[in-house]
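# Fold and contact review
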Amino acid sequence: MSGAPSLAPVVTLAIFLAGAGAGAAAGAGLSDTEQQLAEVVDSRQSEAMALLQRAVEINSGTMNPAGVKQVGELFGDALANLAFEISWVDGADFDRAGHLVARHRGSGPHLLLIGHLDTVFEPDSQFQNFERVGAERAKGPGIIDMKGGNVIIVEALAALRAAGALADLQITVVMTGDEEFSGRPLSRSRRVLLEAADVADVALGFEDGDGNPQTAVIARRGYTDWRLTVSGTPAHSSLIFRDGVGDGAAFEVARILDGFRRELAGERYLTFNPGIGLVGTRLDYDDAHSSGDAFGKANVIAGHGVVTGDLRTLTMDQLASAKSRMEGIVARHLPGTSAEIEFTDGYPPLAPTDGNRRLLSLYDQASRDLGLGGVSAVDPGAAGAADISFTAGRVAMALDGLGLMGEGGHTEGETADLATLPSQTKRAAVLMYRLSVGPAP
Ligand SMILES: [Zn+2]
């Protein structure tokens, strides 16, 4: 709302006229402005490729803060050239490089565009270079996950600016520096995303999704860690199951884990996995390193047990329901034992809401009108947690997987399909333009 108040009637009229144009275009190709967006994207391909190559050639493993900042400066400079206000959120208080934030104040809906600067390839990796492999492909660390997505953000915004359409959008770009290995606690390392989502109407994520340009992501499962702590009554093994002694910590751990499996396994989109467990007379479990030591004897009833695991769900309701059923199972103690379970929420689930479906249908229509075919939703069972998950419940609509496509993410075979650089950029630019002229989300 930074526009001069005296211009308000003019702005409203412009939105109305542009909206009518976009309406007529739906299903019948592109409006003149949309055609111009596509042409600008094509005309800037050598700049886009050069930016991609420069970004890939800077090592930005999550734990290489100097490299992450350098990639942040590269994209920050590119956005500053489009008249964005740039700031760097220092990551010292969550032990990471930090995040790039870029803002454009305009009228119209507020879009949050999400990228990340880091990769899984640290400076000691063999995989450091950008390499063309044939006319339409290139390999490189982070090329699709997700330096290519960052380039698509910059280039889509450049096209909107060249077409004079940027003034009708408020935009916040957040490129995090620690997506691959997030700083803890998440309440600190993800604060910038949560705050940006709170004031945004729409969130767009430019991860590479499942690598198929005919799909996008409207839902991602979230994860929660849990820790089960059990105690039993230590005594000579010959006394087990007797009154006053009971069943011991080992059988209580077994009962609880088997209860989880019997009562919760098989529910759609719900998974849970006990990853490490210790039982014995004396335990020393180290949470930070996910390892520990146990001591016990065959002729002594175990007095202690600890198990840690994860829990993945598609919606907050499914998470709450799973937690309460697990707590119910834990509470049915065997004789002579006690147990408790603690949950620590990690990434929240991004549920497949009606708003997200509506945003996908706008993207699908934009793609069809560009002659790029339809786009359907990725199976959420196959989509892991990502930064866009932090916008869940805070924006009206969210869509991810809009980045550069290819295959082999997180491996030394990470390869981009370069033909998707202009096509994904055009889709994003037309979608954002239609959001600027369409009815409020
Ligand atoms: Zn990524």
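How each quantity is defined
Residues numbered from 1 in each chain as written. Predicted model: local features only at pLDDT ≥ 70, side-chain atom pairs only at ≥ 80, totals over all residues. Heavy atoms only, no water. Helix = DSSP H or I, 4+ residues; strand = E, 2+ residues; numbered from the N terminus. Buried < 20%, exposed > 50% of the residue type's maximum accessible area, 1.4 Å probe, protein only. Contact = heavy atoms within 4.5 Å. Lys, Arg positive; Asp, Glu negative; His and termini not counted. Charge placed at Lys NZ, Arg CZ, Asp CG, Glu CD. Axes fitted to C-alpha atoms, helices over the stretch in contact; angles between N-to-C directions. Parallel < 35°, antiparallel > 145°, perpendicular 65-115°, else oblique. Left-handed = near helix turned anticlockwise from the far one by under 90°. Expected span 1.5 Å × (residues − 1). Pairing = 2+ DSSP bridges. Donors = N, O, S within 2.8 Å, 3.2 Å for Na, K, Ca; no water. Tetrahedral: all angles 85-135°; square planar, octahedral: opposite > 155°, others 65-115°. Salt bridge = Lys/Arg side-chain N within 4 Å of Asp/Glu carboxyl O. Phe/Tyr/Trp six-rings, centres within 6.5 Å; stacked < 30°, edge-to-face > 60°. Lys NZ or Arg CZ within 6 Å of the ring centre and 35° of its normal.

Here we come to the overall build of the protein. A count of helical and extended segments in the protein gives 11 helices and 18 strands. With 441 residues in all, the protein has 51% of them scored as buried. Taking as baseline every contact in the protein between residues at least 6 positions apart, the subset at least 24 positions apart corresponds to 78%. The protein carries 36 positive and 56 negative side-chain charges, and their two centres are separated by 3 Å.

Our next topic: the packing of helix α10 (residues 354-369) against helix α11 (residues 420-437). It is the contact of α10 with α11, at a shortest axis distance of 9 Å, that shows an interaxial angle of 120°. When the axis of α10 is compared with that of α11, the two are oblique. In terms of crossing hand, the pair formed by α10 and α11 is right-handed. Where α10 approaches α11, its residues L359, L362, Y363, Q365, A366, S367 and D369 are matched on the opposing element by Q424, R427, A428, V430, L431, R434 and L435.

For helix α8 (residues 248-264), which comprises 17 residues, the first-to-last C-alpha distance of 24 Å matches the rise-based estimate of 24 Å (1.5 Å per residue) to within 8%. The set of residues buried in α8 consists of G248, A249, E252, V253, R255, I256, G259, F260 and L264. Against β9 (222-231), β10 (271-280), β13 (304-313), α9 (316-331) and β14 (338-345) lie the buried residues of α8.

Our next topic: the pairing of strand β7 (residues 202-205). Burial along β7 is two-sided: V202 and L204 and A203 and G205, pointing in opposite directions, are all buried. Inspection of the sheet shows strand β3 (residues 110-116) paired to β7 by 4 bridges, in the parallel sense. Each bridged residue has a counterpart across the sheet, and for I114 the counterpart in β7 is G205. Pairing between β7 and strand β16 (residues 397-399): 3 bridges, direction parallel. Bridged to L204 within β16 is L399.

Around the zinc ion, the protein supplies H116 (NE2), D145 (OD), E207 (OE) and E207 (OE) as donor atoms, at distances of 1.8 to 2.4 Å. Around the zinc ion, the 4 donor atoms are arranged such that angles at the metal cover 56 to 147°; this shape is classified as irregular. Of note, the donors binding the zinc ion are all from one chain and are spaced H-x28-D-x61-E. Here D145 lies in helix α5 (residues 143-162) and H116 lies in strand β3, a separation of 29 residues in the sequence. D145 matches H116 in its accessibility class, with the two residues each being buried.

Looking now at the pattern of salt bridges. Under the counting rule described, the total for this entry stands at 21 salt bridges. For D42, the salt bridge is made with K426, and the minimal N-O distance between the two is 3.0 Å. One end of the pair, D42, is in helix α2 (residues 32-43); the other, K426, is in helix α11, with 384 residues separating them in the sequence. Classification of D42 by relative accessible area gives partly exposed; the value is 42%.

This part covers the packing of aromatic side chains. Following the criterion strictly, the structure yields 6 aromatic pairs and no others. Taken together, a centroid distance of 5.7 Å and an interplanar angle of 15° make the contact between Y223 and Y347 stacked. Taken together, the residues span a long stretch of sequence, with Y223 in strand β9 and Y347 in the loop between β14 and α10 at a distance of 124 residues. There is no split in this pair, since Y223 and Y347 are both buried. Seen in terms of ring centroids, W226 and F260 are 5.8 Å apart; in terms of plane orientation they differ by 85°. Their pairing is edge-to-face. Separated by 34 residues along the polypeptide, W226 in strand β9 and F260 in helix α8 bring together distant segments of the chain. Here the two residues W226 and F260 agree in accessibility, since each one is buried. Of the aromatic side chains, those joined through ring pairs into one cluster are Y223, Y347 and F390. Across from the ring centre of F181, 4.3 Å away, lies the NZ or CZ of R96, which sits over that ring.

This next bit is on the sheet that holds strand β2 (residues 98-104). In space, the 6 strands of this open sheet follow the order β1-β2-β6-β3-β7-β16, with mixed pairing throughout. The open sheet terminates on both sides in strands that have one partner only, identified here as β1 (85-90) and β16. Sheet twist, expressed as the mean angle between neighbouring strand axes with direction ignored, is 15°. Lying on the sheet, α10 is in contact with β7 and β16; it crosses β16 at an angle near 55°.

Functional significance is not addressed by these values, which are geometric in nature.
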